[in-house]
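Given next are the chains, with one letter for each unit.
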Amino acid sequence: MEIDCQPEESIVSAFDEDCVELGDVKDMRLEAEAVVNDVLFAVAEMHVSQSLSSASDVAYINVETREGNRYCLELTEAGLRVVGYAFDQVDEDLSTQYHETVYSLLDTLSPGYREAFGNALLQRLERLKQNGQ
């Protein structure tokens, strides 16, 4: 199941809105911050790496899933992919699939993310239902 929507109205997706355009290249450091803000509610820990150097075309994000698994993610124009299985780790020999969205990537990595995302969506629908009556 792939979910590419945001369940909470209060968690506004800033993935494209807050990025700084440098010609035709997005500043990936700002994109990474927006990614973290979008899904922080559904993971144990997530932050942009401070020790791996980011640039206008690449940024690294550390994420710990609700299951306790840690990953280092690479964010580029191609999307997001796992580049390491620990914080601030880049394994050059690792060849993993790119995902267009952080939602798709986390959906494949974490059943706890899927559950948290689904619960947030259900809560939002319940609030909409209550407000509509």
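Residues numbered from 1 in each chain as written. Predicted model: local features only at pLDDT ≥ 70, side-chain atom pairs only at ≥ 80, totals over all residues. Heavy atoms only, no water.

(A) Local environment of the overall build of the protein chain. Summing up its helical and strand segments, the protein chain has three helices and six strands in all. Ordered by position from N to C terminus, the α and β elements of the protein chain give β-β-α-β-β-β-β-α-α. Counting across all 133 residues of the protein chain, residues that qualify as buried make up 44%. A separation of at least 24 residues holds for 45% of the contacts in the protein chain among residues at least 6 apart in sequence. For the protein chain, the exposed surface amounts to about 7,400 Å²; the carbon and sulfur share of it is 46%. (Helix = DSSP H or I, 4+ residues; strand = E, 2+ residues; numbered from the N terminus. Buried < 20%, exposed > 50% of the residue type's maximum accessible area, 1.4 Å probe, protein only. Contact = heavy atoms within 4.5 Å. Areas by Shrake-Rupley, 256 points an atom, 1.4 Å probe, with all protein chains shown as cover.)

(B) A look at the pairing of strand 3 (residues 45–48). Residue alternation in strand 3 divides its side chains into a buried set, Met46 and Val48, and an unburied set, Glu45 and His47. With four bridges joining them, strand 3 and strand 4 (residues 59–64) adopt antiparallel strand pairing. Bridge assignment links Met46 to a residue of strand 4, and that residue is Val63. (Pairing = 2+ DSSP bridges.)

(C) Here's a closer look at the packing of helix 1 (residues 28–39) against helix 2 (residues 102–109). One way to put it is that helix 1 packs onto helix 2 with a least axis distance of 11 Å and a crossing angle of 55°. Relative to helix 2, the element helix 1 lies oblique. In this structure, helix 1 crosses over helix 2, and the sense of that crossing is right-handed. Within the contact between the two elements, helix 1 uses Val35, Asp38 and Val39 and helix 2 uses Val102, Tyr103 and Leu106. Of the residues belonging to the contact of helix 1 with helix 2, the class tally is five nonpolar, no polar and one charged. (Axes fitted to C-alpha atoms, helices over the stretch in contact; angles between N-to-C directions. Parallel < 35°, antiparallel > 145°, perpendicular 65-115°, else oblique. Left-handed = near helix turned anticlockwise from the far one by under 90°. Nonpolar A, V, L, I, M, F, W, Y, C, P; charged D, E, K, R; others polar.)

(D) Looking closely at helix 2. Buried residues dominate helix 2, accounting for seven of its eight residues. Among all positions of helix 2, only Val102, Tyr103, Ser104, Leu105, Leu106, Asp107 and Leu109 are buried. Buried residues belonging to helix 2 abut helix 1, strand 3, strand 4, strand 5 (70–76), strand 6 (79–84) and helix 3 (111–132).

(E) Up close: the nonpolar core. Met46, Ile61, Leu73, Val102 and Leu106 are the most contacted members of the largest nonpolar core, which has 26 residues in total. Those elements giving two or more residues to this core turn out to be helix 1, strand 3, strand 4, strand 5, strand 6, helix 2 and helix 3. Discounting residues that sit within four places of it in the chain, Met46 has contacts with Val35, Val36, Val39, Leu40, Ile61, Asn62, Val63, Leu73 and Val102. With five residues, the next largest nonpolar core counts Val58, Tyr60, Cys72 and Val83 among its residues. (Core = buried A, V, L, I, M, F, W, Y, C linked by side-chain atoms within 4.5 Å.)

(F) Geometry of the packing of aromatic side chains. On inspection of all chains with the given rule, the structure shows four aromatic pairs. For the pair Tyr113 and Phe117, a centre-to-centre distance of 5.6 Å together with 45° between the ring planes defines the contact as tilted. Of the two residues, Tyr113 and Phe117 are both situated in helix 3; the distance of four residues between them amounts to about one turn of the helix. Residue Tyr113 is classed as buried on the basis of its relative accessible area of 1%. (Phe/Tyr/Trp six-rings, centres within 6.5 Å; stacked < 30°, edge-to-face > 60°.)

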